[in-house]
Amino acid sequence: MNAPSTNPHAMHARAEANAALQGHDLNRGARVSSTPVAAELEKLKHAPIWIAYIALPLLAAAIGTFNYQNNLEMLTPGWENLWTQHTLFSFVFFLPALIGVGSSWLMRIEHTGGNWNQLAAQPVAAWRIALGKVIVGMAMLAIGLVATGAYFVMAGKAIGIDGMPGPEYLGYLACTWVGGGAVVAVQLVVSLVIRNFALPVGIALAGGVTGLLVEFKAKAFAIAFPYSLPQIASNSTGGGGLAGAELAAFFVSCIAFAAIAIVAFSLIVERNDVKAGS
C-alpha cells in the first residue's frame, strides 16, 4: 500500500476531480452539472502535459524537414514526400510517446495515495470513468495532430514547396486520430495496471516500433495490432490512404480495440485489481 501523497498540488487536483465527479465546485461550494470528462479536465487544468503536445510535434517536424532537405537527390520534391518524412518518424516514435505520456498522466492521480478508494465510492459507473479518460486522451491527441498538420504546412512553405497540400492530408490526420484513439484506450489499461509513470511510456514506444515492423513484414495483420493503426491510417509510408473495404475494416478494428480496452479497464477497477508498480 502506498503512503498518501503530501504533494499539495496533487492533493488539491485529486480533491477537485472527486468534487467534479460528485457535481460540486470546491471554490464556490455550489452544485454544478458535471461528468467524468469534466473531472478529467479538472485534473489537467494547470498541468504542464499540454506543452508536450505542442513541443514534440515541432521536434518531429524539424527532424522530418531536415531529412527531406538532405535526401532531395532521392526524393521527388513536393508535399507527398515531405509528409512521409515528417510522419514516418513522428508516428513511430513521437506519437506513441505522446499517447504513453498522456495516458500515464491521466492515471497519475488515481495512483496517488488512496484515491482509488475515493473514486470507487463515487456514484459513477466504472465504464463511464474509462470512457471519460478515453475521450480526454483523444482530445489531447487531437491537439498534437493539429500541431503536426500546422507544422507540416509551415515547414513546406518555409522550404519553398509550391501551392498548398491537398485535402487528403486532413483525411490522413483524421484517420490517424481515430487509430490513435484505440491506442489511447489500450495505454490507459496499461497505465492502470502499471503504476510506474515511465514504464507504460516505454511500452507505447515499443508498440510503435513493433507496429511499423508488423506493417512492413506482415501488412495483412497490421489492422489486428492496435499500435499499427495510426501508422496505416496516416499514409506515412506513401502509396495512398485507406479506402473502401480497408477503411471499413480499419474503423471496425479501432472500435473493437477501444471497446475491449474500456471493458477491461472497467472490470479491473470494479475488482480493484490494480497491481502496484515500482
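Bear in mind the structure is a predicted one, so any value in this text is a computation, not a measurement. (Residues numbered from 1 in each chain as written. Predicted model: local features only at pLDDT ≥ 70, side-chain atom pairs only at ≥ 80, totals over all residues. Heavy atoms only, no water.)

Asks: Before we go on, may I ask you to explain the pattern of salt bridges in this structure?
Replies: Here the idea is simple: oppositely charged side chains can pair when their charged atoms come close. All chains considered together, the criterion is met by 1 salt bridge. As a salt-bridge pair, Lys-133 and Glu-40 come within 3.1 Å of each other at their nearest N and O atoms. Taken together, the positions of Lys-133 in helix α6 (residues 126-158) and Glu-40 in helix α2 (residues 36-44) put the pair 93 residues apart, joining distant regions of the chain. In this structure, Lys-133 and Glu-40 share a single accessibility class: buried. (Salt bridge = Lys/Arg side-chain N within 4 Å of Asp/Glu carboxyl O. Helix = DSSP H or I, 4+ residues; strand = E, 2+ residues; numbered from the N terminus. Buried < 20%, exposed > 50% of the residue type's maximum accessible area, 1.4 Å probe, protein only.)

Asks: Teacher, can you tell me more about unusual backbone geometry here?
Replies: Most peptide bonds adopt trans geometry, and most residues besides glycine take a negative phi value. The phi angle at Asn-235 is positive, at roughly 55°, despite the residue not being glycine. For Asn-235, the location among the structural elements is in the loop between α10 (229-234) and α11 (244-271). For Asn-235, a relative accessible area of 6% translates into the label buried.

Asks: Can you walk me through the packing of helix α3 (residues 49-69) against helix α4 (residues 79-108) in this structure?
Replies: A pair of packed helices is captured by two measures, namely the crossing angle of their axes and the spacing between those axes. It is at 8 Å that the axes of α3 and α4 come closest, and there the two elements cross at 160°. One element, α3, and the other, α4, form an angle in the roughly antiparallel class. Taken as a pair, α3 and α4 cross one another with a handedness that is right-handed. A per-class count over the contact of α3 with α4 returns 17 nonpolar, 8 polar and no charged. (Axes fitted to C-alpha atoms, helices over the stretch in contact; angles between N-to-C directions. Parallel < 35°, antiparallel > 145°, perpendicular 65-115°, else oblique. Left-handed = near helix turned anticlockwise from the far one by under 90°. Nonpolar A, V, L, I, M, F, W, Y, C, P; charged D, E, K, R; others polar.)

Asks: Just to check I follow, could you spell out the nonpolar core for this structure?
Replies: Side chains that are nonpolar tend, in soluble globular proteins, to be buried together. Of all hydrophobic cores here, the largest spans 45 residues; its most connected members are Leu-44, Ile-49, Met-140, Leu-188 and Phe-265. Of all the elements in the fold, those that place two or more residues in this core are α3, α4, α6, α7 (168-193) and α11. Ranked by size, the runner-up nonpolar core spans 8 residues in total, among them Cys-175, Ala-182, Phe-250 and Cys-254. (Core = buried A, V, L, I, M, F, W, Y, C linked by side-chain atoms within 4.5 Å.)

Asks: Mind showing me how you'd approach α2 here?
Replies: Because each turn of an α-helix spans 3.6 residues, side chains separated by three or four positions in sequence point in the same direction. Turning to α2, its buried residues are Pro-36, Ala-39, Glu-40, Lys-43 and Leu-44. Looking down the long axis of α2, one finds its buried residues gathered within 140° of arc, a one-sided arrangement. (Arc of directions from axis to C-beta.)

Asks: Just to check I follow, could you spell out α4 for this structure?
Replies: Of all the bends in α4, the greatest, near 55°, is centred on Phe-91. When you tally the buried positions in α4, you get 24 out of 30 residues, the bulk of the element. (Bend = angle between axes of the 7 residues up to and from the residue.)

Asks: Teacher, can you tell me more about the layout of surface pockets here?
Replies: Gaps left between atoms show up when a probe the size of a water molecule is rolled over them. Considered as a void within the structure, the largest pocket measures approximately 290 Å³ in volume. With 3 residues, helix α9 (residues 219-222) is the single largest residue contributor to the lining of the largest pocket. For the lining of the largest pocket, the per-class residue count stands at 5 nonpolar, 6 polar and 3 charged. (1 Å grid on protein atoms, 1.4 Å probe; cavity = no way out; pocket = protein on both sides within 12 Å on 5 of 7 lines; lining within 4 Å. Points joined across faces, edges and corners; volume = space filled by probe spheres on them.)

Asks: I tried to follow the packing of aromatic side chains on my own but got confused; where do I start?
Replies: Think of a pair of aromatic rings as described by two things: how far the centres are apart, and how the planes are tilted against each other in angle. In this structure the tally under the stated criterion is 11 aromatic pairs. An angle of 75° between the planes, with centres 5.1 Å apart, marks the rings of Trp-83 and Phe-152 as edge-to-face. One end of the pair, Trp-83, is in helix α4; the other, Phe-152, is in helix α6, with 69 residues separating them in the sequence. Of the two residues, Trp-83 and Phe-152, neither departs from the other in class, the shared state being buried. (Phe/Tyr/Trp six-rings, centres within 6.5 Å; stacked < 30°, edge-to-face > 60°.)

Any link to function would need more than the numbers given here.
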